[in-house]
Amino acid sequence: MGGANGFAGGRGFASGKSQTVPLEITVEEAYHGGTRALQLQSQERDASGQIVTRPRTLNVKIPAGVTSGQKIRLSGQGQPGGGGRPNGDLLLELTIKAHPLYRVQGRDVRLDLPLAPWEAALGGKVEIPTLGGSVSINVPPNAHHGQTLRLRGRGLPGQPPGDQLAVLHIVNPPADSEVARELFQRMARDLPFDPRARWPK
């Protein structure tokens, strides 16, 4: 983590300046909260009143339900004040880092849910991950690619909490065997289906 950008108090008698430091957190930390040890380069006044830079460690509590762009204020942890004046504050500006499964939008959490064609066509229950643990979701029959299913209250905590949005992605199995090719050929022959039927003639 970076430290302060320099002491800016006037003539050594002003209150310390507040400083903002970026802090990247995981989606799991945003959901559950946690404690993070931060390594900072801090400016302090020594016994003679001179500004010196020293390393220090701060243990920061991250509340559950924080979002990107939110700031955590640590009172008195910013730049030093002069002449006995109070130190400034340290502001941690949060960014939620990218996750392989989840995309955070405000307090909502989006998840791409892959489905086999028969799962989308027939519907049924599918087990999916959420930040609070796995849950079973009901896929309606004839679900389509890009359709969104909403799990209320399964996003980031808050008042109100966010939702988890499962975006359906239909994935075709590869026609890489004789059996698979025969099944696709049978569907092409027996199913009265034209994916371009709505195109103007």
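Preceding this section is the structure that the text describes.
Think of each chain on its own: its residues are numbered from 1, step by step along the sequence as written. In keeping with the predicted nature of the model, local features appear solely for residues at pLDDT of at least 70, side-chain atom pairs appear and are counted solely at 80 or more, and the whole-chain, interface and lining totals rest on all residues. Each side-chain value is worked out from all heavy atoms of the structure, with water and hydrogens disregarded.

K.L.:
Before we move on, can you summarise the pattern of salt bridges with the specific residues and values?
P.N.:
Whenever Lys or Arg places a side-chain nitrogen within 4 Å of a carboxyl oxygen from Asp or Glu, that contact is recorded as a salt bridge. Applying the stated criterion across every chain, the model contains seven salt bridges. Of the charged contacts, one joins E29 and R36 as a salt bridge, the two residues approaching to 2.7 Å between their closest N and O atoms. The exposure class assigned to E29 is buried, which follows from its relative accessible area of 16%. A relative accessible area of 22% places R36 in the partly exposed class. Linking R73 and D89 is a salt bridge whose minimum nitrogen-to-oxygen distance equals 2.9 Å. Placement of the pair is R73 in strand β4 (residues 71-74) and D89 in the loop between β4 and β5 (90-96), with a sequence separation of 16 residues. For each residue, the accessible area found with a 1.4 Å probe, counting protein chains only, is set against the maximum for its type, and the residue is called buried under 20%, exposed over 50%, and partly exposed in between. Think of it this way: any DSSP run of H or I at least four residues long counts as a helix, any run of E at least two long counts as a strand, and we number them from the N terminus.

K.L.:
Residues and numbers for the pairing of strand β1 (residues 19-25), please.
P.N.:
Burial of the side chains of β1 is restricted to one face: Q19, V21, L23 and I25 are buried, whereas none of T20, P22 and E24 on the reverse face is. When DSSP finds at least two bridges between two strands, those strands are taken to pair. As paired strands, β1 and β5 are joined by seven bridges and run parallel to one another. Residue V21 lies in a different strand from β5, and its bridge partner there is L92.

K.L.:
Run through unusual backbone geometry, naming residues and quoting values.
P.N.:
A negative phi angle characterises most non-glycine residues, just as the trans form characterises most peptide bonds. The omega torsion of the bond from Q159 to P160 falls at 5 degrees, within 30 degrees of zero and hence cis. Here P160 is to be found in the loop between β10 (148-151) and β11 (164-170). Even without being a glycine, N142 presents a positive backbone phi close to 60 degrees. With respect to the helices and strands, the residue N142 is situated in the loop between β9 (135-139) and β10. The exposure class of N142 is exposed, given its relative accessible area of 64%.

K.L.:
Explain the sheet that holds β1 to me, using residue names and the numbers behind them.
P.N.:
Judged by pairing direction, the sheet is mixed, and its three strands sit side by side in the order β1-β5-β4 without closing on themselves. For this open sheet the edge positions go to β1 and β4, each flanked by a neighbour on one side alone. Pairs of neighbouring strands in the sheet enclose a mean axial angle of 25 degrees, with direction left out of account. Of the strand pairs in this sheet, β4 and β5 are connected by four bridges, and their pairing is antiparallel. Within β5, the residue paired with R73 across the bridge is L91. Whenever a helix is involved, its axis is fitted only over the stretch in contact; in every case the axis is a line through C-alpha atoms, and angles between N-to-C directions fall within 0 to 180 degrees.

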